[in-house]
Amino acid sequence: MSEIKFEEALKKLEKIVSDLESGKFPLEESLKKYEEGVRLVSSCSKILETAQKKVEVLAKKEGAFELKAFDEEELEEK
Amino acid sequence: MRIENKGLKEEKRIYSVSELTDDIKVLLENTFPEVWVEGEISNFSQSQSGHIYFSLKDPKSTLRCVFFRGVNQGLKFSLKDGLQCLAGGRINVYAPSGQYQLNIQRLEPKGAGALQLAFEQLKEKLAQEGLFEPAHKKPLPLLPLRVGVVTSPTGAAIRDILNILKRRAPFVKIILNPVKVQGIGAAEEIAQAIKEFNQYKEVDVLIVGRGGGSLEDLWAFNEEIVARAIYNSRIPVISAVGHEIDWTIADFTADLRAPTPSAAAELVARQKDDLVSELGHVFSRMSSSINNKIKTLHKELFRFQDAYVLKYPLNFIQLSLQRIDELSHRLNQKAGHILETAQHRWTHLTGKLEALSPLNVLSRGYSISFKLPEMKVVTDMAEINISDKIQTRLKNGSLVSQVINKITPSD
């Protein structure tokens, strides 16, 4: 899910809801859309509930970038 | 020249020009070693070497001024004719042209402070260039999952940003590019950090800023190099400098201005609660429409209970079988035709293929030779030397021979 942008997922959901609300689709297709919608809602919720991420520092090393842990304890003391 | 009159000759002291100039120089320079003069700049010019020359004038008088490069380099604002200034320095006499001038050590605009003026000048310049155009501003992503922060690693700004994001949007990944936010080189570091994030690419939005301070402390965010780095960033930039009341050039250039670093974090995190409720809303809308659909179908089902087909199902099935028979007959006819066409086409193609086959050519008495041992087809005399072995392919077998002579048409 992380590769799929949250925004894209929301857009898809919007489409699904308006499709479903239009009532134009046969039952089977509607159920399929509903299933996809439920899946998208749950993966979006999952993103929002992700546990706290570590803060990192961007460092340049020999022309390439790397991420290092940021020492937050040092910050708290200040 | 002799002065003959009245016998006063002995009492007169005759100076050389240099002597007199030297006396004036000593007199003037000792009398005005440090003065402040107020006036309007005119005849402004700057030499190639960086020295600045102009006159300060008021309605009655004019004072020549020189502002040497070593001193004028620290000047934040730019000078031009008409600017009202307060100039501090010492009076110099320039002997070669017999002129006195003010050698400026400090220069301030009258009224607003030097920094304020520099701010206004840069703001006007960049506005004219279009750096603040709303059309250039990029929208923020709805839910940034990776936030890049350009600020001091030990300042109040990063602490505030972390506090808020951790509490309100723990799912956001925060990447800090630590920089100096005040003092010499700060502006360059900030601009460089923004560029680095753009090379790194893996963030959705940038927060660039620092906590509160004096105008001098915030100055790096009023430098042109920072404004341009923000303007050129492909990643949307939220500026977050100082307090609510502090407006910097960076704020005007950024895609979005947050009044404080905390507010910037709120802008990024803001949507979590909204999104959770929006998702809930979407879910209930989906569910109620699918429920409605099912209810409607149920109703229709009841309606059909009385329909003809349901009352006489056998009749319906017979009609269907008849239709299937008819269709399969038509299908057979069609299929036969397709097969025939395909067979015709196959015969035609194989005939063509045979005509092109090298085997066919061999059967007419031609042969093909390969050089041994690599079995390379021989097409050129130059490829073969006397006593090379060759294999020759005929219609019904191959011969291996050794070359004993080469004959070319010119021999």
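Residues numbered from 1 in each chain as written. Chains lettered and ligands numbered in written order. Predicted model: local features only at pLDDT ≥ 70, side-chain atom pairs only at ≥ 80, totals over all residues.

Enquirer: Would you mind showing me how to read helix H8 (residues 261–269) of chain B here?
Expert: Since the α-helix turns once every 3.6 residues, residues separated by three or four places project in the same direction. Considered for burial, the residues of H8 of chain B that qualify are Pro261, Ala264, Ala265, Val268 and Ala269 of chain B. Down the axis, H8 of chain B shows its buried residues gathered within 130 degrees of arc, on one side only. (Buried ≥ 20, exposed ≤ 12 C-beta atoms within 10 Å, placed from the backbone. Helix = DSSP H or I, 4+ residues; strand = E, 2+ residues; numbered from the N terminus. Arc of directions from axis to C-beta.)

Enquirer: Would you explain unusual backbone geometry in this entry?
Expert: Excluding glycine, a negative phi dihedral is what most residues carry, and trans is how most peptide bonds are arranged. Residues and elements named next belong to chain B. Note the cis peptide between Leu372 and Pro373, where omega equals 5 degrees. Within the secondary structure layout, Pro373 lies in the loop between strand E11 (368–371) and strand E12 (376–377). In this structure, Asn43 is a non-glycine residue whose phi angle is positive, near 50 degrees. Looking at the element boundaries, Asn43 is found in strand E1 (residues 35–46). Residue Asn43 is classed as partly exposed on the basis of its 13 C-beta neighbours within 10 Å. Backbone geometry places Met375, a non-glycine residue, at a positive phi of 60 degrees.

Enquirer: Where do I start with the packing of helix H1 (residues 6–22) of chain A against helix H2 (residues 27–48) of chain A in this structure?
Expert: In helix packing, the relevant descriptors are the interaxial angle and the interaxial distance, both defined with respect to the helix axes. All names here are of chain A. Here H1 crosses H2 at 150 degrees, and the two axes come no closer than 10 Å. In terms of axis orientation, H1 runs roughly antiparallel to H2. When the axes of H1 and H2 are compared, the crossing they make is left-handed. For the pair formed by H1 and H2, the contact residues are Phe6, Ala9, Lys12, Leu13, Ile16, Asp19 and Leu20 on the first element and Ser30, Lys33, Tyr34, Glu36, Gly37, Leu40, Val41, Ser43, Cys44 and Ile47 on the second. Split by residue class, the contact of H1 with H2 holds ten nonpolar, three polar and four charged. (Axes fitted to C-alpha atoms, helices over the stretch in contact; angles between N-to-C directions. Parallel < 35°, antiparallel > 145°, perpendicular 65-115°, else oblique. Left-handed = near helix turned anticlockwise from the far one by under 90°. Contact = placed C-beta atoms within 7 Å. Nonpolar A, V, L, I, M, F, W, Y, C, P; charged D, E, K, R; others polar.)

Enquirer: I keep staring at helix H6 (residues 224–232) of chain B and nothing clicks. Help me out?
Expert: Turning to H6 of chain B, its buried residues are Val226, Ala227, Ala229, Ile230 and Tyr231 of chain B. Those residues of H6 of chain B hidden inside the fold are in contact with helix H3 (114–129), helix H5 (186–200), strand E8 (205–210), strand E9 (237–241) and helix H7 (249–253) of chain B.

Enquirer: Please explain the nonpolar core as it appears in this structure.
Expert: Taken as a class, soluble globular proteins show a tendency for nonpolar side chains to be buried jointly. Residue and element names in this part refer to chain B. Membership of the largest hydrophobic core comes to 57 residues, with the highest contact counts inside it found for Ile190, Ile194, Leu206, Val208, Val226 and Ile230. Looking at this core element by element, the count peaks at seven residues for H5. When sequence neighbours within four positions are dropped, the list of residues in contact with Ile230 reads Ile194, Val208, Val237, Ala250, Thr253 and Ala254. (Core = buried A, V, L, I, M, F, W, Y, C linked by C-beta atoms within 7 Å.)

Enquirer: What's the story with the sheet that holds E9 of chain B in this structure? I'm lost.
Expert: Backbone-to-backbone hydrogen bonds join strands into a sheet, with any given pair of strands oriented parallel or antiparallel. Taking strand neighbours across the sheet as the criterion, the seven strands line up as E2(A)-E1(A)-E7(B)-E6(B)-E8(B)-E9(B)-E10(B) in an open arrangement whose pairing is mixed. Looking at the sheet topology across the chains shown, the edges are occupied by strand E2 (64–69) of chain A together with strand E10 (256–258) of chain B. Here the average twist between neighbouring strands, direction ignored, is 30 degrees. The sheet contact formed by E8 of chain B and E9 of chain B spans five bridges and is parallel. Bridge pairing in E9 of chain B links Gly209 of chain B to Ala240 of chain B. Contacting strand E6 (146–151), strand E7 (173–178), E8 and E9 of chain B, helix H4 (residues 156–168) of chain B runs over the sheet at an angle of about 160 degrees to E6 of chain B. (Pairing = 2+ DSSP bridges.)

Enquirer: When you look at the interface of chain B and chain A in this model, what are you seeing that I'm missing?
Expert: Each side of the interface is counted separately: chain B has 32 residues, and chain A has 33 residues. Those elements that place two or more of their residues in the side of chain B that touches chain A are H4, E7, H5 and helix H9 (271–304) of chain B. With twelve residues, H9 of chain B is the single largest residue contributor to the side of chain B that touches chain A. Here the residues of the side of chain B that touches chain A sort into 22 nonpolar, three polar and seven charged. As paired elements, strand E1 (residues 56–61) of chain A and E7 of chain B share two bridges and run parallel to each other. Note on E7 of chain B: the bridge partner recorded for Glu56 of chain A is Ile175 of chain B.

Enquirer: Hey, could you run me through the packing of H4 of chain B against H8 of chain B in this one?
Expert: All names here are of chain B. For the pair H4 and H8, interaxial distance at closest approach is 8 Å and the crossing angle is 25 degrees. Classified by the angle their axes make, H4 and H8 are roughly parallel. Viewed along their axes, H4 and H8 form a crossing whose handedness is right-handed. From H4, Ala157, Asp160, Ile161, Ile164, Leu165 and Arg168 reach across to H8, where they touch Pro261, Ser262, Ala264, Ala265, Glu266, Val268 and Ala269. When the residues that make up the contact of H4 with H8 are grouped by side-chain class, the tally is nine nonpolar, one polar and three charged.

Enquirer: I tried to follow the pairing of E7 of chain B on my own but got confused; where do I start?
Expert: Note on strand geometry: in a regular strand, side chains alternate between the two faces of the sheet. Across the six residues of E7 of chain B, five count as buried, placing the element largely inside the fold. Once the chain exits E6 of chain B it traverses H4 of chain B before rejoining the sheet at E7 of chain B, and the crossover so formed is right-handed. (Right-handed = clockwise from strand over helix to strand, strands pointing away.)

Enquirer: What is the right way to look at the environment of Asp19 of chain A in this model?
Expert: All names here are of chain A. Relative to the helices and strands, Asp19 resides in helix H1. On the basis of neighbour counts, which here come to 18 C-beta atoms within 10 Å, the residue Asp19 falls in the partly exposed class. When near neighbours in sequence (up to four residues on either side) are disregarded, Asp19 contacts Phe25 and Lys33.

Shape is all these values report; function is a separate question.
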